[in-house]
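# Summary of structural features
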Amino acid sequence: MNSAKVKAALDEAMAIEGALGACLVDYQSGMTLGTAGGHGLDLEMAAAGTTEVVRSKLRVMGALGIEERIEDMLFTLNSQFHLVRMIKDTDSLFLYLALSRGPANLGMAKFQLSSAEQKLS
């Protein structure tokens, strides 16, 4: 993966209103390929934990015979949204974005994260 593309995608993700931190993650290895922001969040830990959630969901989908592709996942906390956007045309990448719930517009954030994803496809 081209580092300039990764930086461009993460910069675009961090420009989303309310963005706290973003990273690009390989869910086969659990490693981050790039991070931006953080604001007190351990993005490496978030990436590793979210990797397990993605793997689990894919196993369940396989067991159920669901052959569709995951587009995104949302985790809603009291003060934050955590958004996972799977990268099309890759075998194992996702963008992870943590947002402050107050200023964030979830619909717009999903749209903008989709735009950032396109920089990586």
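In case you missed it, the structure is sitting above this.
Let us look at the structure shown here. Just so we're clear, the structure is a prediction, and the values are computed from it rather than from any experiment. Once a new chain begins, its residue numbering starts again from 1 and follows that chain's sequence as written. The predicted nature of this model means local features are confined to residues of pLDDT at least 70 and side-chain atom pairs, given and counted, to a pLDDT of 80 or more, with totals for whole chains, interfaces and linings taken over all residues. Excluding hydrogens and water, the side-chain values take into account all heavy atoms of the structure.

## A closer look at the pattern of salt bridges
As a reminder, the rule being used: Salt bridges are defined by distance alone: a side-chain nitrogen of Lys or Arg within 4 Å of a carboxyl oxygen of Asp or Glu. The way it works is that DSSP assigns letters per residue, a run of H or I at least four long becomes a helix, a run of E at least two long becomes a strand, and they are numbered from the N terminus. Partly exposed describes any residue whose relative accessible area lies between the buried limit of under 20% and the exposed limit of over 50%, with all areas from a 1.4 Å probe on protein chains only and scaled to the type maximum.
Summed over the entire model, instances satisfying the criterion amount to 7 salt bridges. Close ionic contact of E12 with K119 constitutes a salt bridge, the shortest N to O distance being 2.7 Å. Taken together, the residues span a long stretch of sequence, with E12 in helix α1 (residues 3–14) and K119 in the segment after α3 (106–118) at a distance of 107 residues. Accessibility expressed as a relative area gives 34% for K119, which makes it partly exposed. With a closest N to O distance of 2.8 Å, R55 and E52 form a salt bridge. Taken together, the residues span about one helical turn, with R55 and E52 both in helix α2 (residues 43–64) at a distance of 3 residues. The class for E52 is partly exposed, based on a relative accessible area of 42%. Through salt bridges with shared partners, a single ionic network connects R69, D72, R85, K110 and E117.

## Concerning the sheet that holds strand β2 (residues 31–37)
Definition in use: Strands were regarded as paired on the criterion that DSSP finds at least two bridges between them. Whenever a helix is involved, its axis is fitted only over the stretch in contact; in every case the axis is a line through C-alpha atoms, and angles between N-to-C directions fall within 0 to 180 degrees.
Taken in spatial order, the 5 strands line up as β2-β1-β5-β4-β3 in an open sheet, and their pairing is antiparallel. Of all the strands in the sheet, just β2 and β3 (72–76) have a single pairing partner and so form its edges. With direction set aside, neighbouring strand axes in the sheet form an average angle of 15°. Relative to strand β5 (residues 93–100), strand β1 (residues 19–26) runs antiparallel, the two being bridged by 7 bridges. Each residue of the ladder has a partner; that of A19, found in β5, is L99.

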